[in-house]
Amino acid sequence: MQLAQIRQFEAVGFRSWPASSVHYDGSWAIRMTASHPSKRLNSVNPLDPGDTDNMEQRVTRAAQRFGAYGRPPIFRQSPLAPEALDSYLNELGWIRLDESMVMAADLSEIELGDALDQIPLKDIGRFIDAALEVQNDDPALKPGLFEVINAIRPSKGLFVIEEGALPVSTAICVQDGALAGLFNIGTAASRRRVGLGRTIIKSALKWALQQGAMKAWLQVEMANTGAIALYEQMGFREAYRYAYRRAPET
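What counts and how
Residues numbered from 1 in each chain as written. Predicted model: local features only at pLDDT ≥ 70, side-chain atom pairs only at ≥ 80, totals over all residues. Heavy atoms only, no water. Buried < 20%, exposed > 50% of the residue type's maximum accessible area, 1.4 Å probe, protein only. Helix = DSSP H or I, 4+ residues; strand = E, 2+ residues; numbered from the N terminus. Pairing = 2+ DSSP bridges. 1 Å grid on protein atoms, 1.4 Å probe; cavity = no way out; pocket = protein on both sides within 12 Å on 5 of 7 lines; lining within 4 Å. Points joined across faces, edges and corners; volume = space filled by probe spheres on them. Nonpolar A, V, L, I, M, F, W, Y, C, P; charged D, E, K, R; others polar. Right-handed = clockwise from strand over helix to strand, strands pointing away. Salt bridge = Lys/Arg side-chain N within 4 Å of Asp/Glu carboxyl O. Expected span 1.5 Å × (residues − 1). Core = buried A, V, L, I, M, F, W, Y, C linked by side-chain atoms within 4.5 Å. Contact = heavy atoms within 4.5 Å.

Enquirer: So what exactly am I meant to see when it comes to the pairing of strand β2 (residues 28-32) here?
Expert: Put simply, side chains in a regular strand alternate between the two faces of the sheet. The buried count for β2 comes to 5 of 5 residues, which makes it a mostly enclosed element. With 5 bridges joining them, strand β1 (residues 21-25) and β2 adopt antiparallel strand pairing. When the sheet's bridge partners are listed, His23 is paired in β2 with Ile30. If you look at the hairpin formed by β1 and β2, you'll find 2 residues sitting between the two strands, and Gly26 has a positive phi there, around 65 degrees.

And the structure:
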């Protein structure tokens, strides 16, 4: 994928999953969210492969900013990050973790004829309760998730599949112009491998297509081979990869 396209995906990603504050140091976007610990919401995101001026001082400044939040400094290294910066962080002993893949698919190439017509939830709190239950996450994350989801400015669809009164699968779809991003895809551990993930994704993408989206995208950790296999079966292909670099503990 060309750098211009990667920049487009990165910009849409920032709008689709907004941090509470964003500070720029040159082309480095420093995203901070005190209410939620997600690395995606709390990381330095270099956005220009040629922006390598004063790296040592800028890394130090970024680390100080994270320290003020009580968080370990984290860089998110996409293809837009300078190779020299990655080498410098390597010299400092920064740990590489959670390599992830951005995948994309043209909606015209995904079979949506059998997709359920599902009306997205309007109640953010209800969706979050379902998502936390499905993914077995800490209920203490609810206020932070509410802040993030409530701050999404593009059109968003909150999807839940229930069996009886029990939520078993959840997903968020953010439609930003021609692009539809999928977030927080999850299926209850006891109900995996029965097609619920495919069902909720198709429902979300059908909604996005009706809103005018033409291409879908998502992010998935490389270690999640089961999810990657599902997305590939549905027509998603690798667009690019990124990884996080975390400062060593002192």
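Read on, since the account is not over.
Enquirer: Looking at this model, I keep getting lost on unusual backbone geometry. Mind explaining?
Expert: In terms of backbone geometry, most residues other than glycine have negative phi values and most peptide bonds are trans. Even without glycine at this site, Asn184 takes up a positive phi of about 50 degrees. Locating Asn184 in the fold gives a position in strand β8 (residues 179-187). Residue classification places Asn184 among the partly exposed residues on the basis of a relative accessible area of 23%. Its identity as a non-glycine residue notwithstanding, Arg193 has a phi of 65 degrees, on the positive side. Structurally, Arg193 is set in the loop between β8 and α6 (196-211).

Enquirer: I keep staring at empty space enclosed by the protein and nothing clicks. Help me out?
Expert: Think of a ball as big as a water molecule: rolled over the atoms, this probe shows where empty space is left. Enumeration over the complete set of coordinates arrives at 1 cavity of 30 Å³ or more. In this structure, the largest cavity occupies an estimated 90 Å³ of space. Lining the largest cavity are Phe9, Glu10, Gly13, Phe14, Arg31, Arg40, Asn45, Arg76, Val102, Trp217, Gln219 and Tyr240. When residues of the lining of the largest cavity are traced back to their parent elements, those giving at least two are α1 (3-16) and β9 (215-221). Taken together, the residues of the lining of the largest cavity sort by class into 5 nonpolar, 3 polar and 4 charged.

Enquirer: Would you explain the pairing of β9 in this entry?
Expert: Most of β9 is tucked away, with 5 of its 7 residues classed as buried. Here 7 bridges tie strand β5 (residues 95-106) to β9, and the two strands are oriented antiparallel to one another. Bridge pairing in β9 places Val102 opposite Gln219. Both β8 and β9 contribute to a ladder of 4 bridges, which runs parallel. The partner of Gly181 across the bridge, within β9, is Trp217. Between the parallel pair β8 and β9, the chain is carried across by α6, and the sense of this crossover is right-handed.

Enquirer: Would you mind showing me how to read the pattern of salt bridges here?
Expert: For side chains bearing opposite charge, pairing can occur when the charged atoms are close. Enumeration according to the criterion identifies 16 salt bridges in this entry. The residue Lys39 makes a salt bridge to Asp98 at a minimum N-O spacing of 2.7 Å. Here Asp98 lies in strand β5 and Lys39 lies in the loop between β2 and β3 (43-46), a separation of 59 residues in the sequence. Given the relative accessible area of 25%, Lys39 is considered partly exposed. Overall, the relative accessible area of 25% leaves Asp98 in the partly exposed class. Notably, a salt bridge pairs Lys142 with Asp129, separated by 2.9 Å at the nearest N-O pair. Taken together, the residues Lys142 in helix α5 (residues 142-150) and Asp129 in helix α4 (residues 124-134) connect sequence positions 13 residues apart.

Enquirer: What exactly am I supposed to notice about α1 here?
Expert: An α-helical turn contains 3.6 residues, so a residue and the one three or four places further along point in the same direction. Taking 1.5 Å per residue as the helical rise, α1 with its 14 residues ought to reach 20 Å, and the 20 Å between its terminal C-alpha atoms agrees with that figure. What α1 keeps buried is the set Ile6, Phe9, Glu10, Val12, Gly13, Phe14 and Ser16.

Enquirer: Honestly, the layout of surface pockets in this entry has me stumped. Any pointers?
Expert: Quantified by volume, the largest pocket comes out at close to 1,500 Å³. In terms of lining residues, the largest pocket is bounded by 41 residues, among which Gln135, Ile185, Gly186, Asn224 and Tyr231 are the most central. Every element with two or more residues in the lining of the largest pocket is listed here: β5, α4, β8, α6, β9, α7 (225-234) and β10 (237-246). Tallied by class, the residues present in the lining of the largest pocket amount to 19 nonpolar, 13 polar and 9 charged.

Enquirer: Help me understand the nonpolar core in this model?
Expert: Generally speaking, nonpolar side chains in soluble globular proteins are found buried as a group. Ranked by internal contacts, the top residues of the largest apolar core, which has 36 residues, are Trp17, Phe127, Ile149, Ile172 and Trp217. Elements that contribute at least two residues to this core include exactly α1, β5, α4, α5, β6 (155-163), β7 (166-176), β8 and β10. For this core, the leading source of residues is α4, giving 6 residues. For Phe127, the contacting residues outside a window of four places in its chain are Leu121, Ile149, Leu158, Phe159, Val160, Thr170, Ala171 and Ile172. By size, the runner-up hydrophobic cluster in this structure holds 30 residues, among which are Ile110, Ala115, Ile161 and Leu196.

Shape descriptors only; they carry no functional weight alone.
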